[in-house]
Amino acid sequence: MKTKIARRITWVVLCCGITALYHVAAQSADAAFSFDNEETGKLPTDWTAAVSTWLIALDGSNKAMKQAGKSEGDRFNICVQNKLKYLNLEMEVRIKPLEGEEDQGGGLVWRYQDAKNYYITRANPLENNFRVYKVVNGNRKQMQSVNIKMQKGEWYNIKVVAIGKNIECYYNGQKLLSHTDDTFPNAGLVGFWSKADAVSLFDDLKIKPLK
């Protein structure tokens, strides 16, 4: 009887250990992407264009990821890093809006489950606002918004800090959005986002896992 109980305890401990290891593995390490060594005109192999056309482009002597497609309406253009997953993180990027009549600018995606389920924060120079959304089953729901002043053709920086259900979003180093939401409690991919015909450059992505 004692032997059977011992075996059961060992099995429970083993299962808990495997579960813990899984969660650790799901939280990737620090990462940084400058795209300087990537080939112009192509998408790096560790990135996936989930929606629209994404490629490496020149900006003077600099290289950056470019959302080059010109979609229409409520089409969300998404490109994700396909090898890294994070639950809690600090992530920032520089973005340069180039074109767009329906929409401009872009933002960051995290806890990406698929092209219809993820979080996103973005800045838009057409509307002069900075917002955080969740996209659930393809439906985008605004969680918070703030008005800002920005211009097309100028680089801006956005950062998100997500720990559990707490989300903080920064524009050019200033925390402007703070919200709580538990829609996506699991780790997911990270990446870039724009809407409709918003053609933009994305560069100097930095990701840091948090506990």
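Residues numbered from 1 in each chain as written. Predicted model: local features only at pLDDT ≥ 70, side-chain atom pairs only at ≥ 80, totals over all residues. Heavy atoms only, no water.

Focus: the overall build of the protein
For the record, the criterion: Each helix is a run of H or I in the DSSP string that is no shorter than four residues. Each strand is a run of E no shorter than two, and both are numbered from the N terminus. Note on exposure labels: buried denotes an accessible area under 20% of the residue type's maximum, exposed denotes more than 50%, and partly exposed covers the range between, all computed with a 1.4 Å probe on protein chains only. Note on contacts: a residue pair is in contact if any heavy atoms of the two residues lie within 4.5 Å.
Assigned secondary structure in the protein consists of one helix and 15 strands. The buried share of the protein, taken over its 211 residues, is 46%. If you take every contact in the protein between residues at least 6 apart in sequence, the share linking residues at least 24 apart comes to 67%.

Here's the deal with the pairing of strand β3 (residues 54–59)
Basically, it comes down to this: Here a strand pair is declared whenever DSSP counts at least two bridges between the two strands.
Pairing geometry for β3 and strand β4 (residues 62–67), over six bridges, is antiparallel. Bridge assignment links Trp-54 to a residue of β4, and that residue is Gln-67. Between β3 and the antiparallel strand that follows it, β4, lie two residues; Gly-60 among them carries a positive phi value of about 70°.

Some thoughts on the confidence of the model for the protein
Put simply, the rule reads: Confidence scores here are pLDDT values: one per residue, from the predictor, ranging 0 to 100.
Counting all residues, the mean pLDDT for the protein is 90, and 88% of those residues have values of 70 or more. Predicted confidence for residues 1–25 stays below pLDDT 50, and this span has zero contacts to residues more than four positions away or in other chains.

Considering the pattern of salt bridges
Counted only if it meets this: A pair is scored as a salt bridge if a Lys or Arg side-chain nitrogen falls within 4 Å of a carboxyl oxygen belonging to Asp or Glu.
Taken as a whole, this structure holds eleven salt bridges when the rule is applied. For the salt bridge of Asp-59 with Lys-96, the shortest nitrogen-to-oxygen distance reads 3.0 Å. Taken together, the positions of Asp-59 in strand β3 and Lys-96 in strand β6 (residues 89–99) put the pair 37 residues apart, joining distant regions of the chain. Two residues, Lys-195 and Asp-74, come together in a salt bridge whose shortest N-O distance is 3.7 Å.

Things to note about the side chain of Ser-71
Mapped onto the fold, Ser-71 is located in the loop between β4 and β5 (76–86). Exposure remark for Ser-71: the relative accessible area of 11% places this residue in the buried category. If we skip the residues at most four places from it in the chain, Ser-71 touches Ser-52, Asn-77, Glu-102, Ala-196 and Asp-197.

Considering the nonpolar core
Here is the rule we go by: We define the nonpolar core as a collection of buried residues of types Ala, Val, Leu, Ile, Met, Phe, Trp, Tyr and Cys that are connected through side-chain atoms lying within 4.5 Å of one another.
Of all hydrophobic cores here, the largest spans 37 residues; its most connected members are Met-65, Met-91, Trp-110, Phe-192 and Leu-205. When near neighbours in sequence (up to four residues on either side) are disregarded, Trp-110 contacts Leu-89, Met-91, Tyr-118, Tyr-119, Ile-120, Thr-121, Val-132, Val-160, Ala-162, Ile-167, Leu-189 and Val-190. Membership of the second largest hydrophobic core comes to twelve residues, among which are Val-51, Ile-78, Tyr-133 and Val-135.

Re unusual backbone geometry
With a phi close to 55°, Asn-128 is a non-glycine residue in the positive phi region. With respect to the helices, strands and loops of the structure, Asn-128 is situated in the loop between β8 (117–124) and β9 (129–136). Phi at Asp-204 is positive, roughly 55°, even though this residue is not glycine. You can see Asp-204 is positioned in strand β15 (residues 199–209).

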